[in-house]
Amino acid sequence: MVRCRFAPSPTGRLHVGGARTALFNLLFARRTGGTMILRIEDTDQLRSSLASERLIFEDLRWLGIVVDESPEVGGPYGPYRQSERLERYREVAEALIRSGHAYEAWETNEELDALRRRAEGSAQGALRYRRRPTTPEQVAAYRAEGRQPVVRLQAAGIDQRFVDLILGEVSVAAEDLEDFVILKGDGFPTYHFAVVVDDHDMHVTHVLRAQEHLLNTTKHLAINQALGWTPPEHGHMPLIFSMEGGKMSKRDKAKTARAKALADGHTAAALAARTGLDEAVLADFLAKKTDDVELALAIGAALKLELPEIDVVDFRAAGYLPEALVNFLALLGWNAGEGDRELYSLDELGAAFSLERVGSTAARFDRDKLRWMNGVYIRQSSDERLLRGLREYAALNETPLAAASDETLLKLISLYKERATTLRELDLSARFFFERPTEWGPEKSLKKQLLNGRGLPNLAAARDALAAQDDWSEGALEALIHGLAEARCEGKLGELAQPLRIAVSGGPVSPPLFGVLALLGKAETLARIDACAARFGASA
Ligand code: GLU
């Protein structure tokens, strides 16, 4: 019976790479009829928080990643939060000490630094800690000093070799594995130790995680060996690279913010004025001395930049549908081998997934492809589904959509469904419905379609016809304007429609005109035409 797990550390929002890991585990569990566990790895006391944990749950729920066992829903092998399992780790560490596989080590950080420096100056290169004999008198003296020992695994002496489910044979020579810490001075386990104990206690059969953990696995196998446990199988998934190359990370936001700020000629002083942040700090940021993500976000907000989405919540706020993101993530490192087919629902993925088709080389995060896919999902979705999506989107953004009625949103959906690639695109293109235009442009279209030739007289004629119209349905408006185009413009609809479109929407591009007029309503349509005519009437 397959049991796999996703084990995030609650130290921030769920990264899109973490979401991919969670997804592959879920798909593997579904495919094999197994169980999916969510475990919270919160042994880093300083960086972990309950708030982050809740947000990770929220992002997973949004993605549709439903687990069978977790801190939220419980399960037979809990607790599923490491901070609630400290007793257990201590117990196992003591057993390892008793059996001679682990020992207490007493060095202070300063002493360890000195050992490290000495190793760096020697042929060894990097410190590989080995057991250093201590006498009972020394130990007593350390205790009297108030030192807290760490517990280290006696790892030396065994080559580690295993067959990775994705990468094949992996090996690490015995001399490369040091006696690493399993229990810290504060009594908390290290990541390595807690993972092994938990995977064992929770009967995990398959550990599927990103390739950055590959070397950790050799440590985990060493701990399993010392305990006489059968380790789970391991599979390490390819890294996710951004399009520019390099691992996709929060730093991409800093890189983008910096590049755009510099390209637009903003100095540290100018940025300081706009963000209220310290000029010296901003100068460091521009000079690549820091990639602080908070700075990137502040600059992004001040300059109204679109920074690359990295965390799942970024994609939520940017108006991606979870179905699209899930589909896209599934193809980051896996393919079904079904030719050109790229569109899969979560259920279809669960039926098609297999580890044999997970690749070993880095996968590229192709944002254009994701946008395309999202557009496909928007077009395929029911209006009710998109309404729910817009509500979720609006809750994460400052947008007039938040206060709009369901009826209005459904009308916007029907106007934009065929053309928007993200809900944000819909939101931004639809802003003109909520705010009467006060500017009309761009200059070129204005001249060509409204101000030269018969644009303004045509607009005036359309206004008169509309003012006399009572039936304000889309069909009736269409018939009316078509009739007028026949009468005035030899049937050339554009000569009427474009001036009208510019007048009511502020520009030459909008969804189908009659739908727009219908949604605006008669009074608002006439008011907008009047405002535009008043602005340009005199100069015509
Ligand atoms: N807590 C680890 C992380 O977030 C989990 C790694 C693992 O799956 O073992 O990277």
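Rules behind the numbers
Residues numbered from 1 in each chain as written. Predicted model: local features only at pLDDT ≥ 70, side-chain atom pairs only at ≥ 80, totals over all residues. Heavy atoms only, no water. Near = heavy atom within 4 Å. Polar contact = N/O pair within 3.5 Å; in protein donor to acceptor, adjacent residues only side chain to side chain. Areas by Shrake-Rupley, 256 points an atom, 1.4 Å probe, with all protein chains shown as cover. Nonpolar A, V, L, I, M, F, W, Y, C, P; charged D, E, K, R; others polar. Core = buried A, V, L, I, M, F, W, Y, C linked by side-chain atoms within 4.5 Å. Buried < 20%, exposed > 50% of the residue type's maximum accessible area, 1.4 Å probe, protein only. Contact = heavy atoms within 4.5 Å. Domains from an automatic or database assignment. Salt bridge = Lys/Arg side-chain N within 4 Å of Asp/Glu carboxyl O. Helix = DSSP H or I, 4+ residues; strand = E, 2+ residues; numbered from the N terminus. Axes fitted to C-alpha atoms, helices over the stretch in contact; angles between N-to-C directions. Parallel < 35°, antiparallel > 145°, perpendicular 65-115°, else oblique. Pairing = 2+ DSSP bridges. Phe/Tyr/Trp six-rings, centres within 6.5 Å; stacked < 30°, edge-to-face > 60°. Lys NZ or Arg CZ within 6 Å of the ring centre and 35° of its normal.

### Here's the deal with the site of the ligand
1) Next: Every residue close to the ligand is listed here: Arg5, Ala7, Pro8, Ser9, Glu41, Tyr191, Arg209 and His213.
2) Next: At 2.8 Å, a backbone N or O of Ala7 approaches a nitrogen atom of the ligand.
3) Next: When the ligand sits alone it has 300 Å² of accessible area, and the protein chains cover 79% of it.
4) Next: Within the shell around the ligand, the residues separate by chemical class into three nonpolar, two polar and three charged.

### Some details on the nonpolar core
One broad rule of soluble globular proteins: the nonpolar side chains tend to lie buried together.
1) Next: In terms of nonpolar packing, the biggest core is built from 104 residues, with Leu23, Leu63, Leu329, Phe365, Tyr416, Phe433 and Leu500 touching the most fellow members.
2) Next: Contacts of Leu329, omitting those with residues within four sequence positions, involve Val16, Ala19, Arg20, Leu23, Phe24 and Phe365.
3) Next: With 23 residues, the next largest nonpolar core counts Tyr89, Val92, Phe180 and Ala194 among its residues.

### Observations concerning the domain arrangement of the protein chain
1) Next: Domain parsing of the protein chain yields domain 1 (85–237), domain 2 (251–309), domain 3 (321–416) and domain 4 (443–539).
2) Next: Averaged C-alpha coordinates put domain 2 and domain 3 at centres separated by 30 Å.

### Some words on the pattern of salt bridges
In a structure, side chains of opposite charge can pair up when their charged atoms sit close to one another.
1) Next: One pass over the full model with this rule turns up 49 salt bridges.
2) Next: Two residues, Arg39 and Glu41, come together in a salt bridge whose shortest N-O distance is 2.9 Å.
3) Next: Members of the salt-bridge network, linked through shared partners, are Arg5, Arg39, Glu41, Arg85, Arg88, Glu91, Asp198, Asp199 and Asp201.

### Some words on the side chain of Glu53
1) Next: In this structure, Glu53 sits in helix α2 (residues 50–63).
2) Next: We classify Glu53 as buried; its relative accessible area is 4%.
3) Next: Side-chain polar atoms of Glu53 contact the side chain of Arg81, separated by 2.8 Å.
4) Next: With near-sequence residues (within four places) excluded, Glu53 lies in contact with Pro10, Ile40, Pro71 and Arg81.

### Points about the packing of helix α10 (residues 279–286) against helix α11 (residues 293–302)
1) Next: Across the interface, α10 lies against α11 with an axial gap of 11 Å and an inter-helix angle of 100°. The angle between α10 and α11 places the two elements in the roughly perpendicular class. Here Val281, Leu282 and Phe285 of α10 lie close against α11, whose contacting residues are Leu295, Ala296 and Ile299.

### Quick look at the side chain of Asp198
1) Next: Note on placement: Asp198 falls in helix α6 (residues 191–201).
2) Next: When its relative accessible area of 0% is taken as the criterion, Asp198 is described as buried.
3) Next: Side chain to side chain, Asp198 and Tyr89 meet in a polar contact 2.9 Å long.
4) Next: In this view, Asp198 contacts Arg39, Gln82, Arg85 and Tyr89; residues no more than four positions away in its chain are not counted.

### Brief notes about the sheet that holds strand β7 (residues 181–183)
1) Next: Spatially, three strands are ordered β3-β4-β7 in an open sheet, and the strand pairing comes out antiparallel. Either end of the sheet is taken by a strand with one partner, and the two such strands are β3 (102–105) and β7. Taken pair by pair, the neighbouring strands of this sheet meet at an average axis angle of 45°, ignoring direction.

### Quick word on the packing of aromatic side chains
1) Next: The full count for this structure, using the stated rule, is nine aromatic pairs.
2) Next: Taking 4.9 Å as the distance between ring centres and 75° as the angle between the ring planes, the aromatic pair formed by Phe328 and Phe365 counts as edge-to-face. Residue Phe328 is located in helix α13 (residues 322–330), and its partner Phe365 is located in the loop between β11 (363–364) and α15 (367–380); the two are separated by 37 residues in the primary sequence.
3) Next: Ring centres of Trp440 and Phe536 lie 5.9 Å apart, and the angle between their planes is 75°; this geometry places the pair in the edge-to-face category. Here Trp440, found in the loop between α19 (431–434) and α20 (443–451), pairs with Phe536, found in helix α25 (residues 522–537); they are 96 residues apart in sequence, far enough to count as distant.
4) Next: Overall, the relative accessible area of 12% leaves Trp440 in the buried class.
5) Next: Exposure remark for Phe536: the relative accessible area of 5% places this residue in the buried category.
6) Next: Above the ring of Phe24, the side-chain terminus of Arg20 is found at 5.3 Å from the ring centroid.
7) Next: The positively charged end of Lys219 is found above the aromatic ring belonging to Phe180, 5.3 Å away from the centroid.

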